[in-house]
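Take a look at the letters that make up each chain.
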Amino acid sequence: MAYTNALSAYKETRIRTASQGQLIIMLYDEAVKQLNKGLELLDLNKSGKQDPSRIEVIGKAIIKARDIITELMVSLDFDQGGEIAQNLFALYTWFNKELMEAHISMDVTRIGTVKNQIDDLRSAWIEIAAKTNSEGRAVEGVNIAG
C-alpha cells in the first residue's frame, strides 16, 4: 500500500514538474507502450495460443492509445503552431482513424504503422525538447496546460 502511494506521488510530481516538451514525450511514450502491448497480445493470439480474453485487453490498449492521441490533438495551439499544428492535427486524425479500423479488424500492420510513426514523432520531440532546454525557450504550437 505504501509503495503504491509513493509511486503515485512520484508520477504526479514528475508530471507537474515536466516541461511541455517532456509532457508530450510522456504521452508519446505511453501511446507506444499501449500499442506495443496490443501488438504483443495480437501476436500471441495469431501464434496459435488463442485466448478470447486477450481481445478485450488488446481493445483497451488501442483505446488508450487513441485517447492519448486525442489529448495530443486538443493540446495543439493553432495560433502559435500554424502549419505545423495543422499538419500534426491531420496526422493525429489519421492515427485515430487507422487505430479505429485496426481495432475492428485486429490488423497488426495498421497498428504497427501508427506505432512506428508515433515513435518517429517521439524521437523528434526528444530532439526539440533537448534543444529547447539548452536554449531556454518554450515549445511553440502546443499547449498542454489544458
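Residues numbered from 1 in each chain as written. Predicted model: local features only at pLDDT ≥ 70, side-chain atom pairs only at ≥ 80, totals over all residues. Heavy atoms only, no water.

Draft legend 1. How the structure looks around the packing of aromatic side chains. Enumeration over the complete set of coordinates arrives at three aromatic pairs. Here the aromatic rings of Phe78 and Phe89 are separated by 5.7 Å at their centres, their planes lie at 70°, and the arrangement is edge-to-face. You can call Phe78 partly exposed: its relative accessible area is 37%. Residue classification places Phe89 among the partly exposed residues on the basis of a relative accessible area of 34%. (Phe/Tyr/Trp six-rings, centres within 6.5 Å; stacked < 30°, edge-to-face > 60°. Buried < 20%, exposed > 50% of the residue type's maximum accessible area, 1.4 Å probe, protein only.)

Draft legend 2. A look at helix H3 (residues 52-74). For H3, with 23 residues, the first-to-last C-alpha span of 34 Å sits near the 33 Å given by 1.5 Å per residue. Where H3 is concerned, the buried positions are Arg54, Ile58, Gly59, Ala61, Ile62, Ala65, Ile68, Ile69, Leu72 and Met73. (Helix = DSSP H or I, 4+ residues; strand = E, 2+ residues; numbered from the N terminus. Expected span 1.5 Å × (residues − 1).)

Draft legend 3. Local environment of the nonpolar core. By size, the foremost hydrophobic cluster in this structure holds 30 residues, and its most contacted members are Tyr28, Tyr92, Leu99, Ile111 and Ile118. Elements represented by at least two residues in this core include exactly helix H2 (20-46), H3, helix H4 (78-105) and helix H5 (108-135). The leading source of residues in this core is H2, at nine residues. Among residues more than four places away in sequence, those in contact with Ile111 are Leu35, Leu39, Leu42, Ile62, Leu99 and Ala102. (Core = buried A, V, L, I, M, F, W, Y, C linked by side-chain atoms within 4.5 Å. Contact = heavy atoms within 4.5 Å.)

Draft legend 4. Structural detail: the pattern of salt bridges. Under the definition given, this model contains five salt bridges. Salt-bridge contacts for Glu30 lead to Lys33; the nearest nitrogen and oxygen are separated by 3.9 Å. With Glu30 and Lys33 both in helix H2 and three residues apart, this pair spans about one turn of that helix. Of the charged contacts, one joins Glu98 and Arg110 as a salt bridge, the two residues approaching to 3.0 Å between their closest N and O atoms. Of this pair, Glu98 sits in helix H4 while Arg110 sits in helix H5; the two residues are 12 residues apart in sequence, bridging distant segments of the chain. By relative accessible area, Glu98 is classed as buried at 9%. Each member of the salt-bridge network shares a partner with another, and the members are Glu98, Glu101 and Arg110. (Salt bridge = Lys/Arg side-chain N within 4 Å of Asp/Glu carboxyl O.)

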